[in-house]
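# Geometric and topological summary
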Amino acid sequence: MKSILGGVCAAKGFKASGVHCGLRKNKEKPDLALIVSDVMCSAACVYTQNLVKGAPIIITKENVADGKAQAIICNSGNANTCNADGEVVATQMCALVEKEVGIPAKDVIVASTGVIGQPLPIGPIAAAMPALIAALGYDNGEAAAKAIMTTDLAVKQSAVEFELGGKTCRMGGIAKGSGMIHPNMATMLVFITTDANISPALLKQALSHDILDTFNMISVDGDTSTNDMVSVLANGLAGNPEITEENEDYEAFCAALRAVTTPLCRAIAKDGEGATKLLTCEVENASSEKIARVVAKSIICSSLFKAAMFGADANWGRCLAAIGYSGADVDIQKVGLAFSSQAGTIDVCKNGAGLPFSEEFAKEILMQKEITILVDLHSGTSKATAWGCDLTYDYVKINGDYRS
């Protein structure tokens, strides 16, 4: 397996585009994206667990109920959530794809992201469809990645090449997410495409399993969005034998999926609103995967700890406190803790008690842009990783005037 370029256009038979249709005030920012496969695909999606769900999620659930889809349309700048006509507008967006591309509306995944509670006008989207179709290209994945961004500062995409059944396959993805990030799942949209041949049932299974250790392990601010969605399209054009059971090819497919989703997770956390540092919490030697996940996420979610990381303060007691209130069955007297970055690694806690350490060296480690919190529970063999970011003054500034 190797990393390649291309994002959602890395796989054979996928083209994409992104244009400005007028939903966003800044004309320099594209706000409408389209991804199209040359042929029908196996499709799988996972969605936010917020009881308040965007209208596009409701329509997409209906459209992919048969495990098939061929296109994705997404706007930014307006979430189309909590609107009386939201489902009507989401349906109209799918109908526009049918009209302009010829793909049945029922085979379209629709998504929206942006401000909640403001009506989404269909006019600007309809008017921009000719330009959106004209811009479709097999090497245009980045345009789509830019068009789904809201407060994101960085384009988020990844892709890999791998082997299945003697055939070369490719998989790529794009993501948006910067604030309102606290899965299950995170304001996060992820679109993944692959030319691998896999049944809808196995694709859904692979995605559902993958998110447990990827997108559900990110937190920026503790707010679970209304519009979160991760969608995967697999068009089979690589020509490998269809994956219909859990065999070696299925395991290889899952490994490729993880190789695409993990960089996207890191990118979302690193680009958290106002963030200056990417925080990675690695928990090892837990008595179960569930406990490892709970501990890792509790530390990453701690506002006090996130603030300490902004100030490069090695206040490791906040990690222990987060473990203590996490609800995980942990023997605190066995816990070890260290901070690590490209500047080095420093042990700060052993057997649940503090160790003497150099505050100066610790500060040097925590001044770096990427910091890893190493937690050893000394209670088993399970492990988990969570991603987050520091909590800064700019986070409040950004969200204090989000609508303006």
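Before any of the text, the structure's been laid out above.
Heads up: these notes are all about the structure in this document. (Residues numbered from 1 in each chain as written. Predicted model: local features only at pLDDT ≥ 70, side-chain atom pairs only at ≥ 80, totals over all residues. Heavy atoms only, no water.)

### Notes on the overall build of the protein
Along the protein, the regular secondary structure elements total 11 helices and 15 strands. Its C-alpha atoms give the protein a radius of gyration of 21 Å, within 12% of the compact-globule value 22 Å for 404 residues. For the protein, the spread of C-alpha atoms along the principal axes amounts to about 70 × 50 × 35 Å. Each of the 404 residues in the protein was classed as buried or not, and the buried ones make up 56%. For the protein, the accessible area works out to roughly 16000 Å², and carbon and sulfur atoms hold 52% of it. In the protein, the 34 positive side-chain charges and the 44 negative ones have mean positions that sit 4 Å from each other. (Helix = DSSP H or I, 4+ residues; strand = E, 2+ residues; numbered from the N terminus. Rg over C-alpha atoms; globule rule 2.2 N^0.38 Å. Buried < 20%, exposed > 50% of the residue type's maximum accessible area, 1.4 Å probe, protein only. Areas by Shrake-Rupley, 256 points an atom, 1.4 Å probe, with all protein chains shown as cover. Lys, Arg positive; Asp, Glu negative; His and termini not counted. Charge placed at Lys NZ, Arg CZ, Asp CG, Glu CD.)

### With respect to the environment of C319
With respect to the helices and strands, the residue C319 is situated in helix 9 (residues 317-325). Along the backbone, C319 and S302 are 17 residues apart, and their C-alpha atoms lie at a distance of 7.9 Å. Leaving out residues up to four positions away in the same chain, C319 has contacts with I299, F305, L337, F339 and I373. (Contact = heavy atoms within 4.5 Å.)

### Looking at the sheet that holds strand 11 (residues 336-341)
Strand order in the open sheet formed by 6 strands is 13-12-11-14-10-15, with mixed pairing between adjacent strands. A strand with exactly one partner marks an edge of an open sheet, and here the two such strands are strand 13 (353-354) and strand 15 (382-389). Here 2 bridges tie strand 12 (residues 344-350) to strand 13, and the two strands are oriented antiparallel to one another. Its bridge partner being in strand 13, C349 is matched across the sheet by G354. Of the strands in this sheet, strand 10 (278-286), strand 11, strand 14 (370-376) and strand 15 are in contact with helix 8 (residues 303-310), which crosses strand 10 at around 125°. Set on the sheet, helix 9 makes contact with strand 11, strand 12 and strand 14; between it and strand 11 the angle comes to about 125°. (Pairing = 2+ DSSP bridges. Axes fitted to C-alpha atoms, helices over the stretch in contact; angles between N-to-C directions.)

### A few points about the state of the cysteines
Using the criterion set out here, one finds 0 disulfides in the structure. With no disulfide partner, C254 has as its closest neighbouring cysteine sulfur the one in C169, 13 Å distant. The class of C254 is buried, set by a relative accessible area of 17%. Lacking any disulfide linkage, C389 is separated from the closest cysteine sulfur, that of C301, by 10 Å. Take C389: its relative accessible area is 1%, and that puts it in the buried class. (Disulfide = S-S within 2.5 Å.)

### Points about the packing of helix 7 (residues 289-301) against helix 9
Angle between the axes and distance between the axes are the two parameters that describe a pair of packed helices. Close contact between helix 7 and helix 9 brings their axes to 8 Å; oriented N to C, the two are set at 130°. Between helix 7 and helix 9, the interaxial angle falls into the category oblique. For helix 7 against helix 9, the interelement crossing comes out right-handed. For the pair helix 7 and helix 9, contact is made by V295, S298 and I299 and by C319, A322, I323 and Y325, respectively. Considered class by class, the residues forming the contact of helix 7 with helix 9 number 6 nonpolar, 1 polar and no charged. (Parallel < 35°, antiparallel > 145°, perpendicular 65-115°, else oblique. Left-handed = near helix turned anticlockwise from the far one by under 90°. Nonpolar A, V, L, I, M, F, W, Y, C, P; charged D, E, K, R; others polar.)

### Regarding the packing of helix 1 (residues 55-63) against helix 2 (residues 86-101)
Following both chains from N to C, one finds helix 1 and helix 2 inclined at 55°, their axes separated by 8 Å at the closest point. Here helix 1 lies oblique to helix 2, going by the angle between them. Handedness of the crossing formed by helix 1 with helix 2: right-handed. Taken together, the residues of helix 2 that come into contact with helix 1 (itself represented by A55, P56, I58, I59 and N63) are G86, E87, A90, T91 and C94.

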